Amino acid sequence: MKVQRTFAATAAGLTFLLAGIALGTAAASPIKWVPVQLGTHQFGRLRAPDAVVAHAGPAEVAFNKRGACGCLDGPQGPMLFDVAPNGSIWLFDVLNHRLLVWQHGRPARPARALALPKLDVRDFAVGRDGTVYLHAVYADPPAGDSGATLWALAPSGKVRWRAQALMGSALRIGSNGALYSVGASKQDPGAWTPLTTPAGRPLSLAAQRRGTITFQPLASGVHLVASRLSAHEVHFALVDRSRKVVRAWRVLSKTPLALAQRTLTPALVGGDLVVELDVSRQVRSTLRSEHVVMRLSPTGMRKRFSLDAKTVWGDNGDQPVAALRIGSDGRLYQLRTNPKTGASIARYSL
């Protein structure tokens with residue numbers, strides 16, 4: 001936790017670093033920007049998946065079909081999934097209060113289902129040892145319940161422990177194996193708060209507060225700083241523990257860009273930074289949105305492709321959605337749901 005304490009103690013300094021990156025200088029040293037020119041985005045040129053690694057038919061997952069009009073509150077179908085380190089696929093079948101699990105290499109149907117109590121699950125993540133972490137509260141708490149919002153389940157579904165936690169908008173497994181909550185700080189919506197040790201034991205609330213860091217931790221002790229300077233310019237920078245900018249990219253586009261807030265958590269793949277930006281345009285009365293996935297190398301952009309941003313049925317922007325994940329195998333996974341076809345997970349090489 002040494003690096004985390006160092007960054008937590010210098011959060012104010014890192015805020016100035018972010019401003020410095022925007023200005024083109026930080027830590028008293030000029031930043032060597034790597035330019036990435038996207039030009040004008042070509043809508044409709046979507047990449048097809050390499051494979052579908054999980055599928056459940058419309059009779060195997062539940063949808064609230066009346067909710068398509070937006071007239072009902074709450075989730076309208078599966079919106080959360082994760083890829084475990086062993087390659088198994090986990091999908092939260094929210095209306096059936098269960099987790100569906102596919103074995104690696106067997107996409108046709110779920111291998112098993114884990115029934116859950118009637119919980120309001122905000123997000124979940126699968127740890128390195130197979131522990132399933134839930135951010136959840138009882139829909140109808142039993143008498144004397146502790147109110148703890150962090151649940152740790154064995155792969156069998158048995159509750160290992162519950163703990164009080166500083167919860168944000170998402171749960172993510174860090175590069176060191178620890179579980180983090182993203183956005184738990186009201187002062188800094190993008191902050192990362194450690195909830196467990198790398199071995200998977202819960203941290204006290206005091207330790208969570210001490211460990212909170214301003215920017216996303218990545219492998220090798222670097223942190224990611226992302227900044228949207230304008231509708232046409234986004235910056236990404238890798239910063240080491242001494243607050244030195246190791247690498248930085250200036251992404252320029254003639255089409256307006258937006259930093260994805262709920263979609264893909266950036267990751268290092270083979271030493272390259274994989275990120276995603278959103279683009280959209282109004283076509284008559286319809287807003288068309290696409291994801292632009294980029295693999296950024298030390299010299300520029302190694303790979304780029306576009307994906308449909310509207311693959312999760314019932315996503316109206318106010319529900320927790322995990323539409324894209326980068327697996328431990330360095331590949332990208334996308335959730336696709338529809339009451340007519342069911343739910344599936346597509347895979348893309350990076």
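Keep in mind that this is a model prediction, so the values were computed, not measured.

Q: Looking at this model, I keep getting lost on the pattern of salt bridges. Mind explaining?
A: Close approach of charged atoms allows side chains with opposite charge to pair. The full count for this structure, using the stated rule, is 13 salt bridges. Asp50 is the partner of Arg47 in a salt bridge, and the nearest nitrogen-oxygen pair spans 3.1 Å. Owing to a relative accessible area of 21%, Arg47 belongs among the partly exposed residues under this scheme. The salt bridge involving Asp272 is made with Arg302; its shortest N-O contact spans 2.4 Å. Here Arg302 lies in strand 24 (residues 300-308) and Asp272 lies in strand 22 (residues 272-283), a separation of 30 residues in the sequence.

Q: Got a minute to help me understand the pairing of strand 6 (residues 89-93) in this structure?
A: If a strand is regular, its side chains alternate between the two faces of the sheet. The buried fraction of strand 6 is high, at five of five residues. Across the two faces of strand 6 the burial is the same, with Ile89, Leu91 and Asp93 and Trp90 and Phe92 all buried. Sheet topology note: the strand 5 (residues 80-83)/strand 6 ladder contains four bridges and is antiparallel. Within strand 6, the residue paired with Phe81 across the bridge is Leu91. For strand 6 and strand 7 (residues 98-102), the ladder comprises five bridges, and the chain directions are antiparallel. The residue bridging Leu91 from the neighbouring strand is Leu100, located in strand 7. Between strand 6 and strand 7, which pair antiparallel in sequence order, lie four residues; one of them, His97, sits at a positive phi of approximately 55 degrees.

Q: Is there a simple way to think about the sheet that holds strand 15 (residues 192-194) in this case?
A: Two orientations exist for strands paired in a sheet by backbone hydrogen bonds: parallel and antiparallel. Ordered in space as 13-14-15, the three strands form an open sheet in which the pairing is antiparallel. Every interior strand has two partners, whereas the edge strands, strand 13 (170-173) and strand 15, have only one. Ignoring strand direction, the axes of neighbouring strands in this sheet form an average angle of 35 degrees. Judged from the four bridges that link them, strand 13 and strand 14 (residues 179-182) form a sheet pairing that is antiparallel. Counted as the bridge partner of Ile173 is Leu179 from strand 14.

Q: Would you explain the sheet that holds strand 25 (residues 324-326) in this entry?
A: Spatial strand order, 4-27-26-25: four strands in an open sheet with antiparallel pairing. Looking at which strands have only one partner, the edges of the open sheet turn out to be strand 4 (51-56) and strand 25. Adjacent strand axes in the sheet meet at a mean angle of 20 degrees, parallel and antiparallel pairs treated alike. Note that strand 4 and strand 27 (residues 342-348) share five bridges and pair antiparallel. When the sheet's bridge partners are listed, Ala54 is paired in strand 27 with Ile345.

Q: Honestly, the nonpolar core in this entry has me stumped. Any pointers?
A: Within soluble globular proteins, side chains that are nonpolar tend to cluster in buried spots. Counting 20 residues, the largest nonpolar core has Phe236, Trp249, Val251, Leu273, Met294 and Leu296 as its most contacted members. The biggest single contributor to this core is strand 22, with four residues. Counting 19 residues, the second-largest nonpolar core is a separate cluster that includes Ala56, Val83, Leu91 and Trp313.

Q: Would you mind going over the confidence of the model for the protein chain with me for this structure?
A: Atomic detail in the predicted coordinates should be set aside for any region of low pLDDT. Looking at the protein chain, the pLDDT average stands at 87 and 86% of residues meet or exceed 70. Under a pLDDT of 50 for its full length, residues 1-16 has, in the predicted model, 24 contacts with residues more than four places off or in other chains. This model gives residues 22-28 a pLDDT under 50, and the stretch forms 15 contacts once residues within four places in sequence are excluded.

Q: Help me understand the pairing of strand 24 in this model?
A: In the sheet, strand 23 (residues 286-297) pairs with strand 24 via eight bridges, with the strands oriented antiparallel. Bridged to Leu296 within strand 24 is Met301. Adjacent in sequence and paired antiparallel, strand 23 and strand 24 are bridged by two residues.

Q: Honestly, the packing of aromatic side chains in this entry has me stumped. Any pointers?
A: Aromatic rings in a pair are described by how distant their centres are and how their planes are angled relative to each other. Applying the stated criterion to the full structure yields five aromatic pairs. An angle of 55 degrees between the planes, with centres 6.2 Å apart, marks the rings of Tyr133 and Trp161 as tilted. In this pair, Tyr133 is assigned in strand 10 (residues 132-138) and Trp161 in strand 12 (residues 159-163), connecting sequence segments 28 residues apart. With a relative accessible area of 12%, Trp161 lands in the buried category. A ring pair is formed by Tyr138 and Trp151, whose centres lie 5.4 Å apart and whose planes are at 75 degrees; its orientation type is edge-to-face.

Calculation notes
Residues numbered from 1 in each chain as written. Predicted model: local features only at pLDDT ≥ 70, side-chain atom pairs only at ≥ 80, totals over all residues. Heavy atoms only, no water. Salt bridge = Lys/Arg side-chain N within 4 Å of Asp/Glu carboxyl O. Buried < 20%, exposed > 50% of the residue type's maximum accessible area, 1.4 Å probe, protein only. Helix = DSSP H or I, 4+ residues; strand = E, 2+ residues; numbered from the N terminus. Pairing = 2+ DSSP bridges. Axes fitted to C-alpha atoms, helices over the stretch in contact; angles between N-to-C directions. Core = buried A, V, L, I, M, F, W, Y, C linked by side-chain atoms within 4.5 Å. pLDDT = per-residue confidence, 0-100. Contact = heavy atoms within 4.5 Å. Phe/Tyr/Trp six-rings, centres within 6.5 Å; stacked < 30°, edge-to-face > 60°.

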